[in-house]
Amino acid sequence: MTVQELPGAGASHRATPPPAWRPRTDAAALLPDPEPYRVLGTEAADRLDPVLMRRYYAELVRGRRYNAQATALTRQGRLAVYPSTVGQEACEIAAALVLEEQDWLFPSYRDTLAAVARGLDPVQALTLLRGDWHTGYDPREYRIAPLCTPLATQLPHAVGVAHAARLRGDEVVALAMVGDGGTSEGDFHEALNFAAVWQAPVVFLVQNNGFAISVPLAKQTAAPTLAHKAVGYGMPGRLVDGNDVAAMHEVLTEAVQRARGGGGPTLIEAVTYRMEAHTNADDATRYRTDAEVEAWKAHDPVELLERELTARGILDEDGIREARDAAEVMAANLRERMNAEPVVDPMDLFAHVYAEQTGRLREQADLLRAELEAEEQA
């Protein structure tokens, strides 16, 4: 029904909507592909960079071993909790490797592997999950925002950092990571809306691993894909196989370059799967079947890349052994350092909260200091 067809419409009504109502962007150009983009196992794999792919393979093997060691630490009581990324290593590693030194990574609580791949000490990456410190590392030193436990609150922060950098004339791109569950939060909407309006240099990477703890994606959204949500904000959406590290590298690199060149934000949905439970406190058998997990194991990101590279003569047994040996060295070092008793100072609770401590915090700090001194004298 047009305006002129409305009941009571007369000559005072315009024949067409005012200009502000017209579409500002051609929606067709923003729509994702109907199927997730893939490289491995397709003709596109002919253009693989051998050096780059061997590096990715080594990082994936190290990432898998890192996940296994961190999970073991929770069973030993050395970590309070660990959200595993087994099965999602391709997303994690690619997110870190496509960024330049001046860029910022905004991880969620599940993205410790991405932080480690960007250069963060594995022990520092796990310090928050151990309960020893607010964050465990200096965000400015590594250009990695604090691991974000509240869902999606890191996304507006990423937009703010990216927008501020652009206003200063800095060539900085922010890459914000979030799970499929986080896309149901209001912060997701606010971040994408501001990013698109401001044309901020941000890349939003959604790791769709199938479940928000126990809630399947179908109970969160009726959208064709999460990538389709990009159209409503006026940015391109990309749908990619999140277990195909070569495809992840291509799609993320293109989005980062687009953002750095002034092209604005991109929303990327990486279709992947969480092989293990949500955390060590979760019983995944209550909401998914073993058969479903086994089916996804056939699409394991480490094995996918290994098969492709060995078939093409890019990777041999020596290369596989070298990657696994390096991963074991990392795991042994992590295990040894995490088994050492941490030295903690309760007064650190009040450090790095504000640039200038508030009066309320000073009062609380004085109260705790007095209690600690009383305990020592008792």
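Residues numbered from 1 in each chain as written. Predicted model: local features only at pLDDT ≥ 70, side-chain atom pairs only at ≥ 80, totals over all residues. Heavy atoms only, no water.

**Student:** Go over the overall build of the protein, please, and point to the residues and values.
**Tutor:** Scanning the protein from N- to C-terminus turns up 12 helices and 7 strands. Projecting the C-alpha coordinates of the protein onto the three principal axes gives extents of approximately 90 × 65 × 45 Å. Evaluated residue by residue, the protein yields a buried proportion of 46% over its 378 residues. Carbon and sulfur atoms make up 52% of the accessible area of the protein, which amounts to about 19000 Å² in all. Each charge class in the protein can be summarised by its mean position, and for the 37 positive and 56 negative side chains these summaries are 3 Å apart. (Helix = DSSP H or I, 4+ residues; strand = E, 2+ residues; numbered from the N terminus. Buried < 20%, exposed > 50% of the residue type's maximum accessible area, 1.4 Å probe, protein only. Areas by Shrake-Rupley, 256 points an atom, 1.4 Å probe, with all protein chains shown as cover. Lys, Arg positive; Asp, Glu negative; His and termini not counted. Charge placed at Lys NZ, Arg CZ, Asp CG, Glu CD.)

**Student:** If you had to explain a negative patch on the surface to someone new, which residues and values would you point to?
**Tutor:** Taken together, the side chains of Glu371, Glu373, Glu375 and Glu376 present a region of like negative charge at the surface. Locating glutamate 373 in the fold gives a position in helix α12 (residues 359–377). Take glutamate 373: its relative accessible area is 42%, and that puts it in the partly exposed class. (Patch = residues over 30% accessible without salt bridge, like charges linked within 9 Å, V, L, I, M, F, W, Y side chains within 5 Å. Salt bridge = Lys/Arg side-chain N within 4 Å of Asp/Glu carboxyl O.)

**Student:** Describe the nonpolar core, listing the residues and the values that go with them.
**Tutor:** Of all hydrophobic cores here, the largest spans 68 residues; its most connected members are Leu126 and Leu175. The greatest single-element share of this core, amounting to 9 residues, is contributed by helix α8 (residues 245–260). Not counting chain neighbours up to four residues away, the residues in contact with leucine 175 comprise Ala95, Val98, Leu99, Trp104, Leu105, Phe106, Val203, Leu205 and Leu252. Judged by nonpolar contacts, the second largest core, of 26 residues, contains Ala174, Phe188, Val206 and Leu267. (Core = buried A, V, L, I, M, F, W, Y, C linked by side-chain atoms within 4.5 Å. Contact = heavy atoms within 4.5 Å.)

**Student:** Explain the packing of helix α6 (residues 154–168) against helix α7 (residues 186–198) to me, using residue names and the numbers behind them.
**Tutor:** Where α6 contacts α7, the axes come no closer than 8 Å and their chain directions differ by 15°. Here α7 runs roughly parallel to α6, going by the angle between their axes. Crossing handedness for the pair α6 and α7: left-handed. Within the contact between the two elements, α6 uses Leu155, Pro156, Val159, His163 and Arg166 and α7 uses Asp187, Phe188, Ala191, Phe194, Ala195 and Trp198. Of the residues belonging to the contact of α6 with α7, the class tally is 8 nonpolar, 1 polar and 2 charged. (Axes fitted to C-alpha atoms, helices over the stretch in contact; angles between N-to-C directions. Parallel < 35°, antiparallel > 145°, perpendicular 65-115°, else oblique. Left-handed = near helix turned anticlockwise from the far one by under 90°. Nonpolar A, V, L, I, M, F, W, Y, C, P; charged D, E, K, R; others polar.)

**Student:** Account for α7, naming residues and giving values.
**Tutor:** Structural remark: α-helix, 3.6 residues per turn; residues separated by three or four positions point the same way. Between the first and last C-alpha of α7 there are 18 Å, a value that for 13 residues agrees with the 18 Å anticipated at 1.5 Å per step. Looking at α7, one finds that the buried residues are Phe188, Ala191, Leu192, Ala195 and Ala196. Viewed end-on, α7 has its buried residues packed into an arc of 120°, placing them on one side of the element. Buried residues along α7 sit against α6, β3 (202–208) and β7 (266–271). Two residues or fewer past α7, glutamine 199 is found with a positive phi of approximately 55°. (Expected span 1.5 Å × (residues − 1). Arc of directions from axis to C-beta.)

**Student:** So, a nonpolar patch on the surface: which residues are in play, and what are the values?
**Tutor:** Residues Phe194, Val197 and Trp198 make up a contiguous nonpolar surface patch of roughly 300 Å² in combined accessible area. For phenylalanine 194, the location among the structural elements is in helix α7.

**Student:** I'd love a proper account of the pattern of salt bridges, names of residues and values included.
**Tutor:** Counted under the stated rule, the structure contains 20 salt bridges. Ionic pairing is found between glutamate 254 and arginine 238, a salt bridge with its closest N-O pair at 3.3 Å. Of this pair, glutamate 254 sits in helix α8 while arginine 238 is found in strand β6 (residues 237–241), placing the two residues 16 residues apart along the sequence. Residues participating in the shared-partner salt-bridge network are Asp46, Glu308 and Arg312.

**Student:** Lay out the packing of aromatic side chains in plain terms, naming residues and giving numbers.
**Tutor:** Applying the stated criterion across every chain, the model contains 5 aromatic pairs. A centroid spacing of 5.3 Å and a plane angle of 55° characterise the contact between phenylalanine 211 and tyrosine 287, whose relative ring orientation is tilted. Of this pair, phenylalanine 211 sits in strand β4 (residues 211–212) while tyrosine 287 sits in the loop between β7 and α9 (290–297), and the two are 76 residues apart along the sequence. Judged on exposure class, the residue phenylalanine 211 and its partner tyrosine 287 are both buried. Arginine 238 extends its terminal NZ or CZ atom over the ring of tyrosine 37, reaching a point 5.9 Å from the ring centre. (Phe/Tyr/Trp six-rings, centres within 6.5 Å; stacked < 30°, edge-to-face > 60°. Lys NZ or Arg CZ within 6 Å of the ring centre and 35° of its normal.)

**Student:** Just give me the short version of unusual backbone geometry, but keep the residues and values in it.
**Tutor:** Backbone geometry at arginine 143 places phi at a positive 55°, although glycine is not the residue there. For arginine 143, the location among the structural elements is in the loop between α5 (139–142) and α6. By relative accessible area, which is 28% here, arginine 143 ends up partly exposed. Its identity as a non-glycine residue notwithstanding, alanine 152 has a phi of 70°, on the positive side.

**Student:** Give a detailed account of helix α10 (residues 301–311), specifying residues and quantitative values.
**Tutor:** Of the residues making up α10, those classed as buried are Pro301, Val302, Leu304, Leu305, Glu308 and Leu309. Viewed end-on, α10 has its buried residues packed into an arc of 165°, placing them on one side of the element. Where α10 begins, the side chain of aspartate 300 points an oxygen toward the backbone nitrogen of valine 302, at a separation of 2.8 Å. At the C-terminal side of α10, glycine 313 shows a positive phi close to 75°. (Polar contact = N/O pair within 3.5 Å; in protein donor to acceptor, adjacent residues only side chain to side chain.)

None of this, on its own, says anything about what the molecule does.
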